[in-house]
Every structure is written in C-alpha cells, then in structure tokens.
Amino acid sequence: MMGAFFLFNVKISTMSEPIRHHYIPQFWLKTFCEDPNDGYVRYIDIKTGKESYENVKNIFYCNRLYEDEENHPEDAEIIEKTLSKFESEIQPLFKKIVYDKEIILSEQDYFKLFIFLELEIYRNNRNKVMLRNHAKAKDIPFVETHDYNKFISQWKNEIFELSKIRAPKDVASSNLDQGAKFQLQFDLEYEHLLIFETKDIPFIISDTMPIVLQVPGLIPNVKVPVVSILPISPRRVAVIALNDIENTHYRDMPISKEKLRSPIIKKSLFNVYNLKPRLLYKKDVIGINEALKRLALEGYIIK
C-alpha cells in the first residue's frame, strides 16, 4: 500500500486555473452530506473543537497542492487535470461500492477501482507529515536523498504517473520510478479489495486516510502495511488487505482476520469479482472512527 507526502509552490495564475486541489475528491465527500443535493456536511474542526456545516468544496484541500512547474513547466496544472480525468472515470464504479447491495465487478473495473484507491492513499494529506519525517530521518532504507524538495518533486511526479494507470498491465510500461513500480505491482498481485458496512453507528471520514495496520518487516526500521481502511460513506468502508491474511499470526487487527479473506472470484474467460459488503460490528466501527479522529490533522466529518 503506497505512502506519500507533499508540498506546494506559490504562483500567480489566471482566474481560469484551478486553485483548490482536493486531496479527497468532492464526489467522495458528498456521500457524507446531510442532503447530497446541497453539498454540506457536519464538520468538526480539530483546532477549535467546534462543529459547523461546511460545503465540501471548502474542506480537505490545499491551494495549488499538485501544481508542478519543475516537472511540467509547459503546464503546471497537468497533474490536477489528470487526476480530475481519473475521478470522472471512476465515479460510476464508486457509486456501485457505495450504494449497491450486490457489488459485481468485472476484472477490468475491479483493478481500475483498486488502483484509484491506491492513488487516493498516495495523494492524501497526512502523507505531508510522512515526507517531512522521511526527509529528516537518516536511517530509512532505500532513500537515496534526504533533500526535502527532491522528495516533493518525486512525489508529484509519481502522482502524475499513477493517475494515468488503469490496469496491472500498464504498470510495467509506466514512468513510475522503480521503487513505486515494484510497490504497486506487489499490491496488485498480493493484496485484495473488500467492502464492509455498518448497520449501527455511521462511519466518519477525516482528512487522514487510510487507517493502516503495519507489522515489522524483514528489514530494520521498515514496517509492512497489511490492512488499509478508507471510509467511502457513512455506511461503508473500502479495505485493502494482504492476501491470505486470515492464515497469518498477526494479532490486534481492526477487523477480524476471518472477515478479511479474499473476495469471491467467478473464474471464466473474463473473471468477475463479487464484493458483496461484509458486516462490521459496532465495536469495530467505534475503533475505526476513534483512529480517524486521533490521526486527523485538520478535521473530520460526522453524519
């Protein structure tokens, strides 16, 4: 499961250029609206502790977050444009996993959705903190430079390349760097996507996604993510989990290992994935919500 980081530059622009770059797409946030037609959500500000009704266009964004003059001097807004294109393509699939009782996906749609969620993990706000820590640390394996600006330039370029990928076959021929390419290929081969739902209290969503369970890896100072949880609506979360996790020795899981088994795949000329939502109990939802609140940097949405 990919991790990331960010920074943004200052530039004088024309009125037509997009200024607010949302790291959680607005169509995603609208599933948490009191009334989906007005775009307003109940928002808790972390700093003040106050609750207010906010339009989704006014939260979970940074000005010029993906602007990139260094890698794309001919069009500094190309990353935001490419992200918007992918978001437009994914919205019908996103509606399926949010609202459908039976979620049946073609292999093509399953992997497109999986890649989009990986992209959302990579571009998310809290990864700014991860970058800052990596840039300062001197004992992180595989890090060639501790130059903060180089990290940021690379992160933006990886977002751009990742946002153009739609299928596993696209990864090898992409311009992702070797580390990111290996990570995405691993995720697509050795992890799976699931949908869970609650019948009790609703899920919240914060500026920090996903919740990640990590375990110690074979390399010192490196932890391996085995479960990532992303709220997609007040009633459902998407979960990316390691294959065969139900047979591992891992303990203290946010969701029981038995529930994390791989989805049912109908084998044929074209494989079909059944992502019928699996039920989470109240205590599981409370644990997920508490983690989202604890990790939030700016605020969170409640239903």
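Description of the structure in this document. Every value quoted in this text rests on a predicted model; they were computed, and no experiment measured them.

Quick look at the pattern of salt bridges
Step number 1: Tallied over the entire structure, the rule returns 16 salt bridges.
Step number 2: One salt bridge in this structure joins K81 and D75, with 3.1 Å as the shortest N-O distance.
Step number 3: Assessed through its relative accessible area of 47%, K81 is described here as partly exposed.

Things to note about the packing of aromatic side chains
Step number 1: Taken as a whole, this structure holds twelve aromatic pairs when the rule is applied.
Step number 2: Taken together, a centroid distance of 6.3 Å and an interplanar angle of 45 degrees make the contact between Y110 and F114 tilted. Of this pair, Y110 and F114 both sit in helix α3 (residues 107-123), four residues apart, which is roughly one turn of that helix. The residues Y110 and F114 share a single accessibility class, namely buried.
Step number 3: Through a chain of ring-to-ring contacts, the aromatic side chains of F27, W28, F86, F94 and F116 assemble into a single cluster.
Step number 4: Note that R166 overlies the ring of F86, its terminal NZ or CZ placed 3.8 Å from the centroid.

Some words on the environment of Y122
Step number 1: Here Y122 lies in helix α3.
Step number 2: The spacing of Y122 and L162 is 40 residues in sequence and 9.2 Å in space, taken between C-alpha atoms.

Structural notes on the side chain of N289
Step number 1: Following the sequence through the fold, N289 ends up in helix α8 (residues 282-295).
Step number 2: Judged by its relative accessible area of 6%, N289 falls in the buried class.
Step number 3: A distance of 3.0 Å separates a polar atom in the side chain of N289 from the backbone oxygen of P202.
Step number 4: Of the polar contacts made by the side chain of N289, one reaches the backbone nitrogen of I204; its length is 3.0 Å.
Step number 5: When neighbours within four sequence positions are excluded, N289 is seen to be in contact with P202, F203 and I204.

Brief notes about α3
Step number 1: With 17 residues, α3 extends 24 Å between its outermost C-alpha atoms, agreeing within 8% with the 24 Å of an ideal straight helix rising 1.5 Å per residue.
Step number 2: Across the 17 residues of α3, 14 count as buried, placing the element largely inside the fold.

A few points about helix α2 (residues 78-99)
Step number 1: Its 22 residues give α2 an end-to-end C-alpha distance of 32 Å, which sits within 8% of 32 Å, the value for a rise of 1.5 Å per residue.
Step number 2: For α2, the full list of buried residues reads I79, E80, T82, L83, F86, E87, I90, L93, F94, I97 and V98.

A look at the nonpolar core
A general feature of soluble globular proteins is that nonpolar side chains tend to end up buried together.
Step number 1: If you look at the biggest cluster of nonpolar residues, it comprises 56 residues, and the most contacted ones within it are W28, L193 and I301.
Step number 2: In terms of residue count, α3 provides more of this core than any other element does, ten residues in total.
Step number 3: In this structure L193 touches Y110, L113, F114, L117, A238, V239, I240, P263 and L275, once residues within four positions along its chain are discounted.

Definitions and cut-offs
Residues numbered from 1 in each chain as written. Predicted model: local features only at pLDDT ≥ 70, side-chain atom pairs only at ≥ 80, totals over all residues. Heavy atoms only, no water. Salt bridge = Lys/Arg side-chain N within 4 Å of Asp/Glu carboxyl O. Buried < 20%, exposed > 50% of the residue type's maximum accessible area, 1.4 Å probe, protein only. Phe/Tyr/Trp six-rings, centres within 6.5 Å; stacked < 30°, edge-to-face > 60°. Helix = DSSP H or I, 4+ residues; strand = E, 2+ residues; numbered from the N terminus. Lys NZ or Arg CZ within 6 Å of the ring centre and 35° of its normal. Polar contact = N/O pair within 3.5 Å; in protein donor to acceptor, adjacent residues only side chain to side chain. Contact = heavy atoms within 4.5 Å. Expected span 1.5 Å × (residues − 1). Core = buried A, V, L, I, M, F, W, Y, C linked by side-chain atoms within 4.5 Å.

Purely geometric stuff here, so don't read any function into it on its own.
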